[in-house]
Amino acid sequence: MLPLLRVTPFTRVPRVHVQHLTLAVAAFFVLVYNFSFWQTFFVATGGFQPANVPLYVASFTLLALAFNAFLTLFSFRYVIKPVLILLFFVTAFSSYFMNRYGIAIDASMLQNVMETDVHEATELFSWSLVLTISLLGVVPSVLVYHLKLEFPPLRRALLLNPAVIVVSLLVAGVLMMGFFKTLAPAVREYRQMRFLLTPTNVIQAGNSFLKHKMARATVIAPLGSDAMKGTLWAQQKRRTVTIMVVGETARAMNFSLNGYKRDTNPLLSRQAGLLNFSNVQSCGTATAISVPCLFSGFARVDYSETKAKAQEGLLDVLSHAGLQVLWRDNNSGCKGVCDRVTYEDMSQPKAGDPFCNTEECFDERMLQGLPEIIRDAKQDLVIVLHQKGSHGPAYWKRYPAAFQRFGPVCSSNELEKCSRESIVAAYDNTIAYTDYFLSKTIDLLRAAGAADNVDTAFMYFSDHGESLGEKNMYLHGAPYFISPDEQRHVPFMLWLDQGYRDRFNLDQRCLEARRGQEFSHDNVFHSFLGMLNISTAVYNPRLDIFHACTLANQS
């Protein structure tokens, strides 16, 4: 057996056998980078207690041996160092964000990261991130880079490495069986642990993400090409204008319309005829999942990115029916759902614009020029406004200074430096600004109805919610099956002017009676078609909120 370290008088650089290095690095990964995992593991096994020390030691050894088996696959000259350096940096990043924000990492989270624009990414920058990457990424990488590694001859390595892998996995298996009675229920009850163990979570997420991205491009299948305006459109001379507002990171429980203690909805609460649905669940916990899902026509349980990308969506169906569709965006794009309709990017700052600063634009900017667009349109019009909303962690940047009503606020993207109260105060200010933006949108529609002789309607919902410190979780993007209600419970509102209700025979009192019922993003696709009386084979009346409240269907 070669010695672990051998220092020569000439180089003074340590010499390490490659198998010793992989075992040491495996133990280092398990011990240093996995604070979130061990924190959850202690809870899952009844809390930290001296009697469980043998379990902790066995679990640490088991994981270190499993990691060692994986790293041994790469323990060849010119391969092992680049692999380890890459893993140091990837694991340092993932460890930082899991520890700071309580997030878990899966394929949807990685997709959300990859689809985040540069501006959003810079808001996650902090000096604590730099320190973490320096200590856990740069330092071990430099040390490994300068090590003098000893490798066995290739023929021997081809025999020795598989033996090391088998022995590591066998010993790990023995340890697992020895503590199976304790480990099995803990892992079954706390399934989120597999999304907390790094770097395996990043490797698994990366593998799933790349499979999706490298999949062969598919021809987009038409959806609802038979769509046409229904019988309720007959003999109507007035045009319709329907605005759909897609919110960002707004959770229902911070809306005073839903009973929140702070008055975050002073304007919407005074909007006559506004319908607030208080029990709605999102399709996902990140924009990259929820937005394509709710526009796809698939129910959440049937949705996949592959299926959604292979067919048209709601906006295409509306276009097939002869409606003009416009998407205005103040976020990071429409995630593919508006690819075949008119798109306007309203997120880029413009000098002199009253609704922009040097970094970004506020949501009000999306209302600029809308009265003229509504007035000049020749067709029935559907407008989608995609908000910046309450996107974190820089909540204090999401609203103009005049809307800082609650405080003191957290004005740092390093949430660990702020009290939970200041984080919530900044977030609540974003909801108050959304209240203003939505109310102003309704007022715009009401004015257009009077000035331009059009029937108008408004629908608002958020793509997902947000964690603000509950259970030590922040932001969003948790795997859906373990996600907290804060990330799934979203606001949903409707406003219809009298002309719109009369045109489509909608019973306002019936709709009011449904405000507390359970709904989800699954209802958006079919409810929007039902609200506009669009006839198509892809429409499902059972998922249409309006179907039971259309006078013709009441008997």
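Before going into details, it helps to say that this report is about the structure given with it. (Residues numbered from 1 in each chain as written. Predicted model: local features only at pLDDT ≥ 70, side-chain atom pairs only at ≥ 80, totals over all residues. Heavy atoms only, no water.)

### Focus on the overall build of the protein chain
- Counting secondary structure elements, the protein chain contains 19 helices and 14 strands.
- By principal-axis analysis of the C-alpha atoms, the protein chain measures approximately 95 × 50 × 45 Å.
- Burial status across the protein chain gives 55% buried among its 555 residues.
- Within the protein chain, contacts between residues separated by at least 24 positions form 77% of all contacts whose residues are at least 6 apart in sequence.
- Entry remark: accessible area of the protein chain is about 24,700 Å², with carbon and sulfur atoms responsible for 61%.
- Between the averaged position of the 50 positive side-chain charges in the protein chain and that of its 46 negative side-chain charges there is a distance of 9 Å. (Helix = DSSP H or I, 4+ residues; strand = E, 2+ residues; numbered from the N terminus. Buried < 20%, exposed > 50% of the residue type's maximum accessible area, 1.4 Å probe, protein only. Contact = heavy atoms within 4.5 Å. Areas by Shrake-Rupley, 256 points an atom, 1.4 Å probe, with all protein chains shown as cover. Lys, Arg positive; Asp, Glu negative; His and termini not counted. Charge placed at Lys NZ, Arg CZ, Asp CG, Glu CD.)

### Observations concerning the packing of aromatic side chains
- Applying the stated criterion across every chain yields a total of 28 aromatic pairs.
- Between the aromatic rings of phenylalanine 42 and phenylalanine 48, the centroid separation amounts to 5.2 Å while the plane-to-plane angle is 75 degrees, which identifies the pairing as edge-to-face.
- Using a relative accessible area of 59% as the deciding quantity, one classes phenylalanine 48 as exposed.
- The interplanar angle of 90 degrees and the centroid separation of 5.7 Å between the aromatic rings of phenylalanine 277 and phenylalanine 492 together place this pair among those described as edge-to-face. You can see phenylalanine 277 sitting in strand 5 (residues 275-281) and its partner phenylalanine 492 sitting in strand 12 (residues 489-496), a full 215 residues away along the chain. (Phe/Tyr/Trp six-rings, centres within 6.5 Å; stacked < 30°, edge-to-face > 60°.)

### A word on the state of the cysteines
- Per the stated rule, a full pass over the model turns up 5 disulfides.
- Between cysteine 356 and cysteine 361 runs a disulfide, and the two sulfur atoms are separated by 2.1 Å. Sign of the S-S torsion, about 95 degrees for the bond between cysteine 356 and cysteine 361, identifies this disulfide as right-handed. Cysteine 361 matches cysteine 356 in its accessibility class, with the two residues each being buried.
- What connects to what in the protein chain, once the bonded cysteines are numbered by sequence position, is 1-2, 3-4, 5-6, 7-8, 9-10. (Disulfide = S-S within 2.5 Å.)

### Concerning the packing of helix 5 (residues 107-114) against helix 11 (residues 287-296)
- In the contact formed by helix 5 and helix 11, the axes pass within 8 Å of each other and the chain directions differ by 95 degrees. Between helix 5 and helix 11, the angle is such that the two are roughly perpendicular. Residue-level contacts link Ser108, Gln111 and Asn112 of helix 5 to Thr287, Ala288 and Ile289 of helix 11.
- Tallied by class, residues from the contact of helix 5 with helix 11 come to 2 nonpolar, 4 polar and no charged. (Axes fitted to C-alpha atoms, helices over the stretch in contact; angles between N-to-C directions. Parallel < 35°, antiparallel > 145°, perpendicular 65-115°, else oblique. Nonpolar A, V, L, I, M, F, W, Y, C, P; charged D, E, K, R; others polar.)

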